Amino acid sequence: MAAVAEQVEAPADLRPEIVGRNPWALAARRLWRNRIAMAALVLFVLIVVACLAAPLYAQYVAHVNPFTPNLNGTTVINGKVVPVMQQGGGALKLGETPIGPTWDPHHYFLGADDLGRDVAALLLYGGRSSLVIGIGSAVICCVIATVVALIAGFFGGITDSILSRIMDVIWAFPVFLLAFSIATELLTHSSGFQFGPVHVSATSLWVPTIIIAFIYVPYVYRPVRGQVLSVVRKEFVEAAIASGASNLRLVFSEVLPNVVSTVIVLLPLMVATTILTEVALSFLTIGVQPPNVSWGTIISDGEDLLYTRPWVSLAPGIMIVLTVLALNVLGDGVRDALDPRAKLRVEG
Amino acid sequence: MRLVRTVPAVVARRAARHPLRWSGAALVALALAVAGCGSNSSSSPSAAPSSTATPGGTFTILANSSFGVADPAQNYTLEEWQLLIDTHDGLTGFAKVGGVPGTKIVPDLATSIPLATNGGKTYVFHIRHGIKFSNGQVLTPSDFVTTFERQFSVPGPTSFYSDIVGASACSTKGCNLSKGVIANDSAYTLTINLTAPDPEIMDQLALPFAYAVPADTSLKLLGNNVPPGTGPYMWKSYNPNTEAVLVRNPYFKVWSADAQPAGYPNEIIEKYGLLVSDEVTEVMNGEANEVFDGDQIPSDQLTQLNSAKYVGQVHVNTLTADWYFALNTRTPPFNNADARQAINYAANRSAYVKIAGGPSLAVPACQILPPNFPSYVPYCPYTTGAQTVWTGPNVDKAKQLVKASGTAGMKVVVDGTNDQVGKALVEQMVSDLDSIGYKASAQLLAGTIQYPFVQNSTNSSKWNVGWSAWYQDYPAPSDFLNVLLGCNSIHPNSDASPNIAAYCDQSTQAQINQAESEEAANPSGAAKLWTQVDHEDTLAAPWVDLYNPKQIDFLSKDVHGYEWNPQWYILIDRLWLS
């Protein structure tokens with residue numbers, strides 16, 4: 001922890017406030033005082049809570065099962081029973097158009113999609129999938145990248161060379177091409193995958209989660225490894241080595257605590273990135289698979305309805321913008337809180 | 001033919017041929033079957049070209065993507081075929097007119113349709129004199145030898161002509177058809193010898209694969225170079241990323257107005273790469289003349305096309321095609337006939353029709369043969385009402401059958417394509433399966449992967465219900481019943497095994513063989529047999545037939561003379577511009 005303390009000692013004007021204080025508490029206090037970051041956190045929490053409430057909304061408010069096509073169903077608008085899918089008019093009667101927003105939470109608040117399903121309920125369920133995959137893959141990615149970076153940076157030499165070259169190979173692939181290739185291969189395994197006692201079905205959310213986590217490992221690995229290389233040369237690490245500390249102790253007690261702030265800063269930004277990647281893959285139909293939905297699949301479903309039923313695509317689009325914006329602003333706030341010198345550098 | 005934009009490397013077609021020569025009677029039967037039904041909807045009467053038709057101008061088609069490799073020996077897409085029929089000719093052709101007469105086989109580069117000799121195995125064609133290719137070369141019977149040899153030396157759907165003597169020894173390494181296709185350039189005759197009688201040979205000779213190319217054309221794949229043809233137009237250029245340009249063939253003179261009339265536009269351009277929504281907008285604005293009829297117009301714009309403003313520009317026609325889910329008969333639960341019938345009873349076909357764009361764009365179907373097709377007699381055992389037309393699902397009956405089959409609760413994988421419509425169809429099928437007690441899940445693959453995936457038996461353990469669609473190659477019941485459900489259409493470990501369900505019933509196959517053998521001598525008897533086979537296959541339920549699709553042609557305001565041919569669909573060269 002010596003290095004963390006050393007980092008926050010630098011600004012002379014802050015010194016009287018921080019002497020003897022836990023650096024994590026100081027970071028939390030700085031974050032709490034950052035009103036924009038806190039507003040972003042509140043917004044993100046609200047989105048998460050709303051999405052977690054999806055089953056309650058579907059069951060007790062909208063009274064729908066949003067996973068089942070409802071092409072022959074009906075609903076009520078202004079007291080009148082109307083079909084959810086409405087046949088085109090004119091002489092030709094071409095096409096079937098889902099009903100638009102009724103702005104009535106009990107009856108297709110945001111209208112229906114091309115399968116006659118309630119868009120509002122889908123939106124909340126879709127948010128669950130997008131957030132679970134986004135947060136899950138970012139956490140997995142950061143954990144794997146940190147472990148690999150610690151090994152590479154601490155041991156150096158041939159170990160570092162091999163691990164870094166492996167990361168370079170993964171990095172060399174365009175992100176979406178790599179994800180597309182892996183997903184297409186995995187999706188043909190209809191029986192799913194068996195990992196020891198654990199069975200993962202081909203349509204499980206774990207599949208896109210793991211794929212996205214895997215493709216972004218090098219993106220986190222690089223900065224964390226750089227940080228590890230910098231920390232292992234510090235005097236307090238040399239002092240620990242001189243005092244006979246084992247490699248395990250050195251890594252987990254001396255190096256890891258001094259690079260974890262980098263990972264924490266990266267985490268919300270990675271969540272934003274992985275959510276966007278999940279949305280993109282799902283939009284391309286190789287991410288979340290039916291019956292699950294995500295914001296990406298809803299946008300994809302609404303693609304052919306952009307002129308007549310724009311809310312099918314607009315609603316998840318707005319949710320994505322708000323979520324990613326919140327995470328990016330929060331990420332900036334976390335960085336400023338954990339590394340005030342970086343903020344001072346930026347502000348001159 | 002499966003409507004695909006990219007060509008499967010090899011699409012195995014017919015593994016077996018059955019005795020009997022082709023007969024005009026079959027066409028009479030077809031005409032009778034189609035008469036009154038009409039291939040066109042009320043919105044698009046198959047009008048004859050106006051007397052004020054004037055040649056000239058450039059006709060521009062917009063297509064989302066190109067048709068891939070252009071070599072006519074390989075290309076198997078409607079998109080290129082609609083252009084090849086204007087640039088090339090075969091020994092025979094489908095009459096180039098709209099409506100029912102368009103299914104009639106007429107002599108094209110041959111002076112007449114010959115009668116078979118040698119027990120139905122030999123045909124002697126007399127070739128027309130004085131016809132020139134677009135490069136000025138005179139057409140001779142020898143040109144056809146190269147044409148047919150290219151069918152085997154160029155990778156493609158060779159089995160259309162695999163009954164020609166010597167064809168079995170041909171491969172992409174070389175081909176010698178000297179005993180199967182004999183040209184006599186002095187007598188101007190071409191003799192075709194078959195190993196077995198083929199009742200459909202004249203239909204097959206009318207397909208673009210058999211269109212004449214000069215004798216000196218390379219036997220190797222020509223890629224995107226289309227060899228010269230004899231039609232009213234010639235290929236000026238083709239770039240799959242930008243456009244295809246057809247201009248008038250300076251050497252063309254009309255020899256048969258039925259087979260190959262002179263076209264109206266001076267130039268035909270097909271442009272590639274636009275979104276379909278943009279194609280529609282351009283045609284609405286008069287900046288182009290046609291949205292390629294294989295492109296699916298988004299639901300949004302269908303609503304726009306309903307406007308009275310576009311009534312004269314939109315033409316809707318019923319296709320002789322099936323959209324269906326094949327049931328994998330190799331593995332449980334659908335190796336059980338009760339289980340197969342159960343999902344047929346449970347399938348909510350009105351929902352599938354809505355996915356296809358509603359009743360104006362699709363008709364619910366239960367049976368294999370499509371309406372307006374030879375030997376078609378309405379039959380639908382899987383409904384609540386009378387057993388001729390589908391009126392609604394019978395879920396109670398379906399549940400009883402599932403219980404009787406002992407397959408309740410089994411996991412079922414529904415495989416389909418990942419485009420909008422494909423995904424919706426799969427999700428509806430998953431819902432239908434769940435409603436009768438299965439645990440269904442979706443498996444969505446890109447269209448180019450999905451079709452070979454479900455055909456190849458090595459993947460048969462990975463899916464239970466597989467989406468597919470089939471559009472007629474030519475109007476013969478065998479094109480559905482034998483190609484898609486015949487025992488000889490199962491090719492293990494091949495990506496080209498069109499019997500996706502792997503359904504094989506030897507007694508039905510015997511009836512198919514008998515129907516083919518009786519087609520010339522006893523056409524009405526053969527027609528009854530085909531009907532029987534259709535109904536037996538429907539009852540055996542190797543598929544869940546969903547619907548017969550309709551097709552939209554959207555043209556600009558200045559286009560006149562629209563004709564819809566059941567074989568080739570829109571006849572581009574018959575359109576004229578004001």
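From a predicted model like this one, the values you see are computed outputs, not experimental measurements.

Trainee: Residue-level account of the overall build of chain B, with values.
Mentor: A count of helices and strands for chain B gives 14 helices and 21 strands. If you line up chain B on its principal axes, its C-alpha atoms span 70 × 60 × 40 Å. Burial status across chain B gives 60% buried among its 578 residues.

Trainee: Describe the overall build of chain A, with residues and values.
Mentor: Looking only at helices and strands, one finds 14 helices and six strands in chain A. Expressed along its principal axes, the backbone C-alpha trace of chain A runs to roughly 85 × 50 × 35 Å. Burial analysis of chain A (348 residues in total) assigns 45% to the buried set.

Trainee: Break down the domain arrangement of chain B for me, with residues and values.
Mentor: One can read the domain layout of chain B as domain 1 (24-272 + 556-577) and domain 2 (321-551). Each of domain 1 of chain B and domain 2 of chain B has a C-alpha centre, and these two points are 31 Å apart.

Trainee: Any details on the interface of chain B and chain A? Residues and values, ideally.
Mentor: Counting residues at the interface gives 41 residues for chain B and 34 residues for chain A. Listed by contribution, the elements that provide at least two residues to the side of chain B that touches chain A are α6 (299-305), β11 (314-318), α8 (349-355), α10 (420-435), β15 (439-445) and α11 (447-455) of chain B. Here the element with the most residues in the side of chain B that touches chain A is α10 of chain B; it accounts for eight residues. In terms of residue class, the side of chain B that touches chain A is built from 20 nonpolar, 16 polar and five charged.

Trainee: Residues and numbers for the nonpolar core, please.
Mentor: Core analysis: the largest hydrophobic core is formed by 259 residues, its most contacted members being Ala 121, Val 220 and Met 270 of chain A together with Phe 325 and Val 414 of chain B. If you tally residues by element for this core, the top one is helix α6 (residues 119-155) of chain A, at 18 residues. Structurally, this core is a two-domain feature, drawing no fewer than three residues from each of domain 1 (24-272 + 556-577) and domain 2 (321-551) of chain B. Those residues in contact with Ala 121 of chain A that lie beyond four places of it in its chain are Ala 54, Tyr 57, Ala 58, Ala 62, Val 64 and Pro 66 of chain A.

Trainee: Let's hear about the environment of Gln 82 of chain B: which residues, and what values?
Mentor: All names here are of chain B. Among the structural elements, Gln 82 can be located in helix α2 (residues 78-87). Its 24 C-beta neighbours within 10 Å are what place Gln 82 among the buried residues. Counting along the chain gives 491 residues from Gln 82 to Asp 573, while the straight-line C-alpha distance between them is 9.4 Å. For Gln 82, the residues in contact, after removing those within four places along its chain, are Trp 568, Tyr 569, Ile 570 and Ile 572.

Trainee: I'd love a proper account of the pairing of strand β1 (residues 74-77) of chain A, names of residues and values included.
Mentor: Residues and elements named next belong to chain A. Looking at chain direction, β1 and strand β2 (residues 80-83) are connected through four bridges and run antiparallel. Its bridge partner lying in β2, Val 76 is registered against Val 81. Counting the residues between successive antiparallel strands, the hairpin from β1 to β2 contains two residues, one of them, Asn 78, with a positive phi of roughly 50°.

Trainee: Quick rundown of the pairing of strand β4 (residues 122-126) of chain B? Include the residues and the values.
Mentor: Residues and elements named next belong to chain B. Side chains Tyr 123 and Phe 125 of β4 all project onto a buried face; the interleaved residues Thr 122, Val 124 and His 126 project onto a face where none is buried. Pairing geometry for β4 and strand β6 (residues 189-193), over five bridges, is antiparallel. By the bridge assignment for β6, Val 124 is matched with Thr 191.

Trainee: Any chance you could break down helix α11 (residues 247-283) of chain A for me, citing the residues and the numbers?
Mentor: Residue and element names in this part refer to chain A. With 37 residues, α11 extends only 46 Å from end C-alpha to end C-alpha; this falls clearly short of the ideal 54 Å at 1.5 Å per step. Of all the bends in α11, the largest measures some 55° and sits at Leu 256, one to four residues before the proline Pro 257. Phi turns positive, to about 70°, at Thr 285, one or two residues after α11.

Trainee: Tell me about the confidence of the model for chain B, residues and numbers included.
Mentor: Residues and elements named next belong to chain B. Averaged over chain B, the pLDDT score is 89; the fraction of residues at 70 or greater is 91%. In the model, residues 3-50 has pLDDT below 50 throughout and makes 137 contacts with residues more than four positions away in sequence or in other chains. Across the assembled chains, the prediction reports ipTM 0.80 with pTM 0.84.

Trainee: Give a description of the packing of α6 of chain A against helix α9 (residues 206-231) of chain A that names residues and reports values.
Mentor: The packing of two helices is summarised by the inter-axis angle and the distance between the axes. Residues and elements named next belong to chain A. Interhelical geometry of α6 versus α9 gives an angle of 40° and a closest axis separation of 6 Å. Accordingly, the angle class assigned to the pair α6 and α9 is oblique. Once α6 is placed against α9, the crossing between them reads as right-handed. A class-by-class count of the residues in the contact of α6 with α9 yields 21 nonpolar, five polar and one charged.

Trainee: An account of the packing of helix α7 (residues 157-172) of chain A against α9 of chain A is requested, with residue identities and associated values reported.
Mentor: All names here are of chain A. For the pair α7 and α9, interaxial distance at closest approach is 9 Å and the crossing angle is 125°. Taken together, α7 and α9 sit at an angle that is classed as oblique. Viewed along their axes, α7 and α9 form a crossing whose handedness is left-handed. Contacts between α7 and α9 involve Met 167, Ile 170 and Trp 171 from the former and Ile 215, Val 217, Pro 218 and Tyr 221 from the latter.

Trainee: I'd like to hear about unusual backbone geometry, residue by residue, with values.
Mentor: Here Pro 290 of chain A and Pro 291 of chain A are connected by a cis peptide whose omega angle stands at 5°. Relative to the assigned elements, Pro 291 of chain A resides in the loop between α11 and α12 (295-301). That bond from Pro 332 of chain B to Pro 333 of chain B is cis: its omega, 5°, falls within 30 degrees of zero. One can find Pro 333 of chain B in the loop between β12 (321-327) and α7 (337-346).

Trainee: Lay out the sheet that holds β6 of chain B with the relevant residues and their values.
Mentor: All names here are of chain B. Overall, antiparallel pairing links the three strands, which are arranged β4-β6-β5 in an open sheet. Of all strands in the sheet, those bounded by a partner on one side alone are β4 and β5 (181-184). Taken over all neighbouring pairs, the strand axes of this sheet differ in orientation by 15° on average, direction set aside. On the sheet, helix α3 (residues 142-153) packs against β5 and β6 and is oriented at approximately 160° with respect to β5.

Trainee: Any chance you could break down the environment of Ser 201 of chain A for me, citing the residues and the numbers?
Mentor: In this fold, Ser 201 of chain A is placed in the loop between β6 (198-200) and α9. For the pair Ser 201 of chain A and Ser 191 of chain A, spaced ten residues apart in the sequence, the C-alpha separation amounts to 6.5 Å.

Trainee: Give me the environment of Trp 32 of chain A: which residues, what numbers.
Mentor: Residue and element names in this part refer to chain A. Note on placement: Trp 32 falls in helix α3 (residues 23-33). Owing to 13 C-beta atoms within 10 Å, Trp 32 belongs among the partly exposed residues under this scheme. Remark: the alpha-carbon pair of Trp 32 and Val 81, spanning 49 residues in sequence, is separated by 51 Å.

Trainee: Run through the confidence of the model for chain A, naming residues and quoting values.
Mentor: Put simply, chain A has an average pLDDT of 87, and 91% of its residues get 70 or more. Every residue in residues 1-10 of chain A is under pLDDT 50, and counting partners more than four places away or in other chains gives 19 contacts.

Parameters and conventions
- Residues numbered from 1 in each chain as written.
- Chains lettered and ligands numbered in written order.
- Predicted model: local features only at pLDDT ≥ 70, side-chain atom pairs only at ≥ 80, totals over all residues.
- Helix = DSSP H or I, 4+ residues; strand = E, 2+ residues; numbered from the N terminus.
- Buried ≥ 20, exposed ≤ 12 C-beta atoms within 10 Å, placed from the backbone.
- Domains from an automatic or database assignment.
- Contact = placed C-beta atoms within 7 Å.
- Nonpolar A, V, L, I, M, F, W, Y, C, P; charged D, E, K, R; others polar.
- Core = buried A, V, L, I, M, F, W, Y, C linked by C-beta atoms within 7 Å.
- Pairing = 2+ DSSP bridges.
- Expected span 1.5 Å × (residues − 1).
- Bend = angle between axes of the 7 residues up to and from the residue.
- pLDDT = per-residue confidence, 0-100.
- Axes fitted to C-alpha atoms, helices over the stretch in contact; angles between N-to-C directions.
- Parallel < 35°, antiparallel > 145°, perpendicular 65-115°, else oblique.
- Left-handed = near helix turned anticlockwise from the far one by under 90°.

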